[in-house]
Amino acid sequence: MSALLEAANTFVLAAEPAPAVPTFTPTVPTEVSGATGSILGWTAGIGLSLATLGGLTGWACVAIGHNTERAGLAARGKQAILWSLISGGGIGVTASLVMLFYGLTKTG
């Protein structure tokens with residue numbers, strides 16, 4: 001029985017497919033990692049901080065507006081939350097687009 005299990009294990013291990021996701025280590029190209037990387041880093045950091053602050057302020061407006069029965073304040077808070085989420089997503093997409101366009105225009 002043990003010889004049969006050993007043969008089955010050998011067959012299964014030999015028949016394993018290659019990994020679905022290849023091993024890849026993402027790196028920033030050296031030409032972009034200088035000034036552009038600094039500008040993108042600062043912009044993303046400050047922008048995401050402001051988007052987070054706007055979202056927290058929106059949640060506070062929703063809470064205050066709901067508890068004091070001021071529907072207008074709660075509605076403005078909900079809009080602030082929505083726009084904070086949209087701006088955070090836009091900031092994240094911007095860096096990806098810069099890297100994409102850099103990769104498309106790179107020669108050789």
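The structure displayed is predicted, hence computed values, not measured ones.

Another point: the overall build of the protein chain. Check the secondary structure of the protein chain and you find 3 helices and 0 strands. Of all 108 residues assigned to the protein chain, the portion counted as buried reaches 13%. Summarising the internal contacts of the protein chain: among those between residues at least 6 apart in sequence, 56% fall at separations of at least 24.

It is worth spelling out a nonpolar patch on the surface at this point. Together, Val93, Leu97, Leu100, Phe101 and Leu104 make up a nonpolar patch on the protein surface, roughly 480 Å² of accessible area in all. Assignment of secondary structure puts Leu104 in helix α3 (residues 71-105).

Next up on the list: the side chain of Ser84. Relative to the assigned elements, Ser84 resides in helix α3. Looking at Ser84, its side chain comes within polar contact range of the main-chain nitrogen of Gly55, at 3.0 Å. Setting aside anything within four residues of it in sequence, one finds Ser84 in contact with Ala51, Gly54 and Gly55.

Structurally, the position occupied by Leu53 is in helix α2 (residues 35-67). Residue Leu53 is classed as exposed on the basis of its relative accessible area of 52%. A C-alpha to C-alpha distance of 9.8 Å links Leu53 and Ile81, two positions 28 residues apart in sequence.

We now examine the confidence of the model for the protein chain. Confidence in the prediction for the protein chain averages 80 pLDDT; 71% of positions are at 70 or higher. Per-element averaging of pLDDT across the protein chain places helix α1 (residues 2-14) at the bottom with 67 and α2 at the top with 88.

This next bit is on unusual backbone geometry. Located in the positive-phi region is Glu69, a residue other than glycine, with phi close to 60°. With respect to the secondary-structure elements, Glu69 resides in the loop between α2 and α3.

It is worth spelling out the environment of Gly77 at this point. Counting through the fold element by element, Gly77 comes out in helix α3. Residues Gly77 and Trp59, 18 residues apart in the sequence, show an inter-C-alpha distance of 6.1 Å. Those residues within four positions of Gly77 in sequence are excluded, and the remaining contacts are Gly58, Cys61 and Val62.

On to α2, then. When the terminal C-alpha atoms of α2 are compared, their 48 Å separation across 33 residues agrees well with the 48 Å that a helix rising 1.5 Å per residue should span. Where α2 is concerned, the buried positions are Gly47, Ala51, Gly55, Gly58, Val62 and Gly65. Following α2 by one or two positions, Glu69 adopts a phi angle in the positive range, close to 60°.

Conventions and cut-offs
- Residues numbered from 1 in each chain as written.
- Predicted model: local features only at pLDDT ≥ 70, side-chain atom pairs only at ≥ 80, totals over all residues.
- Heavy atoms only, no water.
- Helix = DSSP H or I, 4+ residues; strand = E, 2+ residues; numbered from the N terminus.
- Buried < 20%, exposed > 50% of the residue type's maximum accessible area, 1.4 Å probe, protein only.
- Contact = heavy atoms within 4.5 Å.
- Patch = residues over 30% accessible without salt bridge, like charges linked within 9 Å, V, L, I, M, F, W, Y side chains within 5 Å.
- Areas by Shrake-Rupley, 256 points an atom, 1.4 Å probe, with all protein chains shown as cover.
- Salt bridge = Lys/Arg side-chain N within 4 Å of Asp/Glu carboxyl O.
- Polar contact = N/O pair within 3.5 Å; in protein donor to acceptor, adjacent residues only side chain to side chain.
- pLDDT = per-residue confidence, 0-100.
- Expected span 1.5 Å × (residues − 1).

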